[in-house]
Structures are given as C-alpha cells and as structure tokens.
Amino acid sequence: MPHTPLMRLSTDDVMGRILLECAKQQLAVHCIHTSADAAVGGINDWLARSLSRGSTTPILRHPRVPEAGQGRLLDCDVATPLSTIVERLKELLQLRCARPTCECAPVNAGCTRTPTAGLTGRLAKR
C-alpha cells in the first residue's frame, strides 16, 4: 500500500487497479507491516536478535512507548564481523545475495550495527 496519500485512483497504474478491484469486491485493506516493524518484539526485534546476541533499541522512538519505534540498533554482546552478520541475514531470509549499503566499518571490523525492516535495508550505525 502507498506510504503517501493517494490523490486519485486510476486504472493507469498498478496500485490504482489493485485498489479499485478491492473496492469492487468490497474488500477492506489494511497494511500492518509498519506497525509490526515498530512493535516491541516485532519484526525488527526478531530480525536483530536472530543475527547476534545483544540489546536492541529503536532508532526512531515512539513518542508514547519508548521501547517501540522505527528500526532497531543492535549492540552486539561480542564483536561480530559484518561479514558474519550479512551471512546470517542471507540464511535467515533465504537470500542468495545481500550487501551492506553504508559508509561504515570495513567488512571484518566488529559490528554494533544491524539491518532492520522499514529503513530501506540500510545498516544503521551509531
């Protein structure tokens, strides 16, 4: 579903065709992925904790629930090479290829970063 408000619906684009077909079939559509990403114990927490032992904190905290929010920063208990984190991510998500898109540490440096859903797959760093 779109992240920005729709100004018009048209059959000229895929999103418009999908939404018009849903309306025709009287289907209500609600996309919860952002809520599931931001929730305490949600997708971002699961992803971070699956990659390495450590503590997580939201990158953009929720104003009323400080332990919830967008993205997660993973502080690894033990320095973990970025290459190991990337390999774990590939295995976990069954990806053939994944690569960091940050201007951060070299591949073999200790890592206190982790990819998170909802932040375009970037590696967040402190």
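The structure displayed is predicted, hence computed values, not measured ones. (Residues numbered from 1 in each chain as written. Predicted model: local features only at pLDDT ≥ 70, side-chain atom pairs only at ≥ 80, totals over all residues. Heavy atoms only, no water.)

Visitor: I tried to follow the pattern of salt bridges on my own but got confused; where do I start?
Guide: Side chains bearing opposite charge may pair, as long as their charged atoms lie close to each other. Here the structure, examined in full by the defined rule, presents two salt bridges. Measuring nitrogen to oxygen at the nearest pair gives 2.7 Å for the salt bridge that ties D45 to R72. One end of the pair, D45, is in helix α3 (residues 43-51); the other, R72, is in strand β2 (residues 69-76), and 27 residues separate them in sequence. A single burial state applies to D45 and to R72, both of which are buried. (Salt bridge = Lys/Arg side-chain N within 4 Å of Asp/Glu carboxyl O. Helix = DSSP H or I, 4+ residues; strand = E, 2+ residues; numbered from the N terminus. Buried < 20%, exposed > 50% of the residue type's maximum accessible area, 1.4 Å probe, protein only.)

Visitor: Where do I start with a nonpolar patch on the surface in this structure?
Guide: A contiguous nonpolar surface patch, about 350 Å² in accessible area, is contributed by I43, W46, L93 and L95. Relative to the helices and strands, W46 resides in helix α3. (Patch = residues over 30% accessible without salt bridge, like charges linked within 9 Å, V, L, I, M, F, W, Y side chains within 5 Å. Areas by Shrake-Rupley, 256 points an atom, 1.4 Å probe, with all protein chains shown as cover.)

Visitor: What is the right way to look at the side chain of T80 in this model?
Guide: Turning to its location among the elements, T80 is positioned in the loop between β2 and α4 (82-93). Residue classification places T80 among the buried positions, given a relative accessible area of 7%. A distance of 2.9 Å separates the side chain of T80 from the backbone oxygen of V78, its partner in a polar contact. (Polar contact = N/O pair within 3.5 Å; in protein donor to acceptor, adjacent residues only side chain to side chain.)

Visitor: What am I meant to see in the pairing of β2 here?
Guide: When a strand is regular, its side chains alternate between the sheet's two faces. Of all eight residues in β2, seven are buried; the element is thus mostly enclosed. Pairing of strand β1 (residues 54-61) with β2 involves seven bridges; the strand directions are antiparallel. Bridging from a neighbouring strand, T56 pairs with L74 of β2. (Pairing = 2+ DSSP bridges.)

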